[in-house]
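# Residue-level structure breakdown
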There are 2 protein chains.
Amino acid sequence: MDGVIKGRLESLRQEMEKEGVDYYLIPTSDFHNSEYVNDYFKAREYFSGFTGSNGSLVVGREMAGLWTDGRYFIQAEKELEGSGITLFRMQEEGVPEIPDFLKEKMQDGQTLGFDGRTVSCLEGRKLEKMLGSGQGENDRKVKIRYDMDLAGRIWAERPQLPSHSVWVLPEEVSGKSAQDKLKEVREKIAQAGAEYLLLSKLDDLMWLLNIRGNDVECNPVALSYGFITPEEMYFFIQPSEVTQELEAYVASNGIVLKPYDEIMTFLENYNYTCDGKLGKALLDEGNVNYALYKMLSGKTCCISGENPTEQLKARKNDTELEHMEEVYRKDSAALIKFIYWLKHNIGKQEITEVSAAEYLDNLRRKLDGFVELSFPTISAYKENAAMMHYEATPGSCKTLAPEGLYLVDSGGQYMGGTTDVTRTVALGEISGEMKKHFTLTAVAMLQLTHAKFLYGCTGRNLDVLARQPLWNIGIDYKCGTGHGIGYILNVHEGPQNIRWRPVSDKKEAILEEGMVVSNEPGVYREGSHGIRTENILVVRRGEKTADGQFMYFDTLTYAPIDREAIDTQYMQPVDIERLNGYHAAVYEKTAPYLTEEERAWLAEVTAPV
Amino acid sequence: MDGVIKGRLESLRQEMEKEGVDYYLIPTSDFHNSEYVNDYFKAREYFSGFTGSNGSLVVGREMAGLWTDGRYFIQAEKELEGSGITLFRMQEEGVPEIPDFLKEKMQDGQTLGFDGRTVSCLEGRKLEKMLGSGQGENDRKVKIRYDMDLAGRIWAERPQLPSHSVWVLPEEVSGKSAQDKLKEVREKIAQAGAEYLLLSKLDDLMWLLNIRGNDVECNPVALSYGFITPEEMYFFIQPSEVTQELEAYVASNGIVLKPYDEIMTFLENYNYTCDGKLGKALLDEGNVNYALYKMLSGKTCCISGENPTEQLKARKNDTELEHMEEVYRKDSAALIKFIYWLKHNIGKQEITEVSAAEYLDNLRRKLDGFVELSFPTISAYKENAAMMHYEATPGSCKTLAPEGLYLVDSGGQYMGGTTDVTRTVALGEISGEMKKHFTLTAVAMLQLTHAKFLYGCTGRNLDVLARQPLWNIGIDYKCGTGHGIGYILNVHEGPQNIRWRPVSDKKEAILEEGMVVSNEPGVYREGSHGIRTENILVVRRGEKTADGQFMYFDTLTYAPIDREAIDTQYMQPVDIERLNGYHAAVYEKTAPYLTEEERAWLAEVTAPV
């Protein structure tokens, strides 16, 4: 593979030379800055060999570097070996961000190139400011060209742009009509002082219109754009994805369909006059791509702000929450069935990381309302679990044995919710150190779960509650503690998260009532083991006292935390109470979905420690 | 008093009318945005009757409003009663900030007035932007006049501008020469892309030059300005404050003395040309006043940034830390002597809030190297302690009895450090609820003390460790958990703090090695009791593991936490361990400074619970 990668980079450098480009940037993104992308957009993987979901490749005439985050350090090291590509570990001490790196390396007069459709307005403007503005004394006069897809020229076997039919979500599942949502969004646009909204974020578009697509694996979204005016909404989608159902549905909602690839020309020719003056367009710089932004900002005044859809989508309505509660009970029961099977069959039949994942995936597939997995199941044994987002492949996966720790992170898309859950299971003997790590991870997860906090807190205020038990023993997990979760949508969504330091310039989001967030501390020891225990929480409004409005979390996930890996010497009485309380709830919520044998077993593994 | 306040406001309104001013703003500030100010600058107190250290008065033709923070809500309510002034509780839900309030109330064409020397550049520009810029669609065309001190016209009995001799700190106390500090500061100025620094923050000036003054009660600072160029430093100070010692000292350091009141004309006439082009001036918008900023920004290009002195001052050097450790042991011993005396004399002789404070203050005064108190001692019995910054006065103070809780928050300025410590003591029987509150406050304080955290954390990441035990029972304290502390300087200093939400737009400061910070959670129940337990911590660099550089806190304060107010049912085993461990250290560190009787008593009250 290394020779292949080197060859591809060489071809890319030839194209760069032809175009007079000194550095070329390939981020991992589609035209919508989606976190997960269709294969069509996986140019960074093609040119680097690194398969993680997050990473950016910078190719210079003499160097190539890959930037990725803590979840992928171990994996990237492995996958980049021999490629000549340098790994830049994001957020580690002394590691520059890409704009700083380019500022340092690039000379006046040099050219940076990228496909402006795959770089967000925010990133593009940051590069512009740092490299090209020439305003400050220390700024460089670097030229930026964003009108070129050099990767596309070389990548002969590039997959087609995906095309799958779009389907409509019934209101008893969505809880709110597209009309009502559009009304709320228009109010927010006006509040932001704008007339128009260019909506580019795929899951926001799906949420707004109560539709779903299938253009990104595990993310039920359709490649599309929306342009909302005070009177109209234009929805840009590939004609091949439009069904009769969709046509009738949008017509009845007064929404105008347009071909996906006409967004640029539409925006270029649109008359932005509104009540006799130039109307302003609201756009989220983090999600609208740089090419679209450059065009739109040349035509009308752009106001930068959060997509109003983001907050509205993040706060689940009562219908959504009711569906989610049921879906999570069933999904948890599927996981319990899997663990039951695993614990009873390990050592008796051959089970590999891949076959274990298949067994679990099939349990989910049998559930009512199953749509697809919410992400490829992470099934990782022993040291493989130290790679946070390891994906087992049939050729190279481990066979499980009755010893050591096994980690499974999985979830499904159902008509009624998106799930995400991680459990780590002792398959037999494990070391005292592993028990210590496992126990403190459970303590950490439960400590955050039981947080009671004043309204106004963001995830940044609370993150330490999950990290503290691990920081106390000098251990950190190189990822956030939690992310927002979509409703029959992306398994990662914003604006809320639980992190101790911000990952972007974006304003931190207050944890609002109805937001859903994951809680997933862990311990990752390279070459040895990986532990993660992940529950999903809902933010609830609690008591209002003389000192303010308090908030708390409810738990959606109900699966046992392996007692065989617990060592109570690392727990305070309050931790033990919390674990026993949680386990009692696990039994109560999931028993109805289990067989008699599974129930009997569950009673044992959820008995008080 | 109410009639007096109403009369003063009426006179002010007459002056406003003469000048065509519709709203007049009186913040609590000197010309340097100092937190505590000399009596000369206490116009806000004069016009409102509110004596707290933080507050801003807005006077309109028909209304008057006072904004203050959570520490002062109870006190302000009391002091404003009958004055007709509305209390605005800052940071409470639905309470607008002053600029928002004015934006809402003021009409186009109206005028806002204030003394531009008492408003920071940051605040002034915020008001400008919100009220006067006229750039955005929704901006108002309100006129701002900042060239008037209307308060001064009415305030006949206004005190004189203070004037006290300045003294020089020997290098064995400062740990670093002014020359060396000036060199570091010039490097930082250059790094910020500037040639000049206008330094207006009083404690930063004292730190930089290793001098101290006496112009603000409890803050050993002199009213002064500094203007640093690549070659020179101009130091503006009242000629009456200059001693022969100072003259010789600045001369030997190449520093040019100028009269304090010539700063404006100096900056107006200075030639900002540097190497043939216009040099840039760095200034901290939060501390340079608006009038100076308006002048300077009209003369040369201003770069906004933190004063480079702030970080340098906050990270105490080894000499400073060694002195502080010793000073804190002695200061803690003085507090122990006080508590010993109080516990043995309560009910036997008359002790009032004022006489108790005097007793403690006198113990401090007897210590070697004592300079002055670091703030007026807060001596508060029972419900008075619910007012965070209550100050007892001889006329109206409570007499202590052998029951209930007594809170004492106090500190000293010594040649070797500034101290700040709070203890709450049970004078006899206290209720079960008080014990619960007291115990959880101790648990909270110790939980933060024992934080181990990755380098990069700010106080915002850690604040919840102190709040969580109280939030769990629906209680919050309406102030930060901790503030930075000066070295023979202001008892409050930045940039670091421990707060769960930011109080300004200022960037949060990372907790750096050598920073000193208070840790003071509490419970305040209006009309009943107030509890605060405050230790001072030093940030230390801990182990570097595979997961990063860890930091931790060392404690400087060693005074017992009243065991008679502790109820162990609210403690986990780890909390009990921490308390016992702390108490063992209290005995060890302070015993050498105590009499035999005090030592014997201390052994009892620090025995394990």
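Structure first, text after, so check above.
The following refers to the structure shown. (Residues numbered from 1 in each chain as written. Chains lettered and ligands numbered in written order. Predicted model: local features only at pLDDT ≥ 70, side-chain atom pairs only at ≥ 80, totals over all residues. Heavy atoms only, no water.)

As a further point, take the state of the cysteines. Residue and element names in this part refer to chain A. Tallying each qualifying case throughout the model produces zero disulfides over all chains. Cysteine Cys218 shares no disulfide, and the gap to the nearest cysteine sulfur, in Cys397, comes to 18 Å. The class for Cys218 is buried, based on a relative accessible area of 5%. (Disulfide = S-S within 2.5 Å. Buried < 20%, exposed > 50% of the residue type's maximum accessible area, 1.4 Å probe, protein only.)

Working definition: two side chains of opposite charge can pair if their charged atoms are close together. According to the stated counting rule, one finds 88 salt bridges over all chains in the structure shown. With a closest N to O distance of 3.5 Å, Glu512(A) and Arg315(A) form a salt bridge. Taken together, the positions of Glu512(A) in the loop between β25 (493-498) and β26 (516-519) and Arg315(A) in the loop between α13 (308-314) and α14 (318-345) put the pair 197 residues apart, joining distant regions of the chain. On the accessibility criterion, Glu512(A) (11% relative accessible area) is buried. Residue Arg315(A) is classed as partly exposed on the basis of its relative accessible area, which comes to 35%. Among the salt bridges present, the one from Asp204(B) reaches Lys313(B), with a minimum N-O distance of 2.4 Å. Here Asp204(B), found in helix α9 (residues 202-209), pairs with Lys313(B), found in helix α13 (residues 308-314); they are 109 residues apart in sequence, far enough to count as distant. Accessibility assignment for this pair places Asp204(B) and Lys313(B) in one class, buried. Overlapping salt bridges, with partners in common, bring together Glu15(A), Lys18(A), Glu19(A), Arg145(A), Asp147(A) and Arg153(A) in one network. (Salt bridge = Lys/Arg side-chain N within 4 Å of Asp/Glu carboxyl O. Helix = DSSP H or I, 4+ residues; strand = E, 2+ residues; numbered from the N terminus.)

Of note, the bond from Gly494(A) into Pro495(A) is cis; its omega dihedral lies within 30 degrees of zero at 5°. Among the secondary structure elements, Pro495(A) is positioned in strand β25. With a phi angle near 55°, Asn33(B) is a residue other than glycine that sits in the positive phi range. Inspection of the secondary structure assignment puts Asn33(B) in the loop between β1 (23-26) and α2 (43-48). Not every positive phi belongs to a glycine, and Asn210(B) is a case in point at roughly 55°. Note that Asn210(B) resides in the loop between α9 and β9 (211-212). The exposure class of Asn210(B) is buried, given its relative accessible area of 3%.

Opposite the 37 residues of chain A that make contact, chain B presents 38 residues. With both sides pooled, the region where chain A packs onto chain B buries about 3,100 Å², and carbon together with sulfur makes up 47% of that total. Our enumeration of links across chain A and chain B arrives at four salt bridges. Asp547(A) is the partner of Arg525(B) in a salt bridge, and the nearest nitrogen-oxygen pair spans 2.4 Å. Counting only elements with at least two residues in the side of chain A that touches chain B, the list comes to β23 (452-454), α17 (459-471), β29 (535-545) and α18 (573-590) of chain A. Of the residues forming the side of chain A that touches chain B, the biggest block, seven residues, is contributed by α17(A). A per-class count over the side of chain A that touches chain B returns 14 nonpolar, ten polar and 13 charged. (Contact = heavy atoms within 4.5 Å. Buried area = accessible area lost by both parts, 1.4 Å probe. Nonpolar A, V, L, I, M, F, W, Y, C, P; charged D, E, K, R; others polar.)

Let's shift gears to the nonpolar core. Buried together is how nonpolar side chains tend to be arranged in soluble globular proteins. Formed by 148 residues in total, the largest nonpolar core has its most connected members in Phe338(A), Phe453(A), Phe553(A), Phe338(B), Phe453(B) and Phe553(B). In contact with Phe553(A), other than residues within four places in its own chain, are Leu448(A), Thr449(A), Ala451(A), Phe453(A), Leu462(A), Ile498(A), Leu511(A), Val517(A), Leu537(A), Val538(A) and Val539(A). One finds Leu209(A), Val216(A), Leu246(A) and Leu489(A) within the second-largest nonpolar core, a separate group that totals 57 residues. (Core = buried A, V, L, I, M, F, W, Y, C linked by side-chain atoms within 4.5 Å.)

Residues and elements named next belong to chain B. For strand β3 (residues 64-68) and strand β4 (residues 86-89), the ladder comprises four bridges, and the chain directions are parallel. Each residue of the ladder has a partner; that of Gly65, found in β4, is Thr86. Considered for its hand, the β-α-β crossover made up of β3, helix α3 (residues 73-80) and β4 is right-handed. (Pairing = 2+ DSSP bridges. Right-handed = clockwise from strand over helix to strand, strands pointing away.)

With that out of the way, let us pick up the packing of α17(A) against helix α17 (residues 459-471) of chain B. At a closest axis distance of 7 Å, the pairing of α17(A) and α17(B) adopts a crossing angle of 70°. In terms of orientation, α17(A) lies roughly perpendicular with respect to α17(B). Note on element contacts: α17(B) touches α17(A) through Arg460(B), Asn461(B), Leu462(B), Val464(B), Leu465(B) and Gln468(B), opposite Arg460(A), Asn461(A), Leu462(A), Val464(A), Leu465(A) and Gln468(A). Considered class by class, the residues forming the contact of α17(A) with α17(B) number six nonpolar, four polar and two charged. (Axes fitted to C-alpha atoms, helices over the stretch in contact; angles between N-to-C directions. Parallel < 35°, antiparallel > 145°, perpendicular 65-115°, else oblique.)

On to the layout of surface pockets. Here the second largest pocket is characterised by a volume of approximately 1,000 Å³. Lining the second largest pocket are 34 residues; nearest its centre among them are Gln572(A), Val574(A), Gln447(B), Gln572(B) and Val574(B). The set of elements that each furnish at least two residues to the lining of the second largest pocket consists of α16 (432-449), α17 and α18 of chain A together with α16 (432-449), α17 and α18 (573-590) of chain B. Of the residues forming the lining of the second largest pocket, the biggest block, five residues, is contributed by α18(A). For the lining of the second largest pocket, the per-class residue count stands at 15 nonpolar, twelve polar and seven charged. (1 Å grid on protein atoms, 1.4 Å probe; cavity = no way out; pocket = protein on both sides within 12 Å on 5 of 7 lines; lining within 4 Å. Points joined across faces, edges and corners; volume = space filled by probe spheres on them.)

We now examine the sheet that holds strand β15 (residues 280-283) of chain A. Residue and element names in this part refer to chain A. Reading across the sheet, the six strands line up as β12-β11-β10-β8-β15-β16 and stay open at both edges, with mixed pairing between neighbours. Of all strands in the sheet, those bounded by a partner on one side alone are β12 (255-259) and β16 (301-304). Neighbouring strand axes in the sheet, compared pairwise and without regard to direction, differ in orientation by 25° on average. In this sheet, strand β11 (residues 233-237) lies alongside strand β10 (residues 224-228) in antiparallel orientation, the contact comprising five bridges. For Ser224, the partnering residue across the bridge sits in β11 and is Ile237. Helix α12 (residues 290-299) rests against β8 (196-199), β10, β15 and β16 of the sheet, and its axis sits at about 160° to β15.

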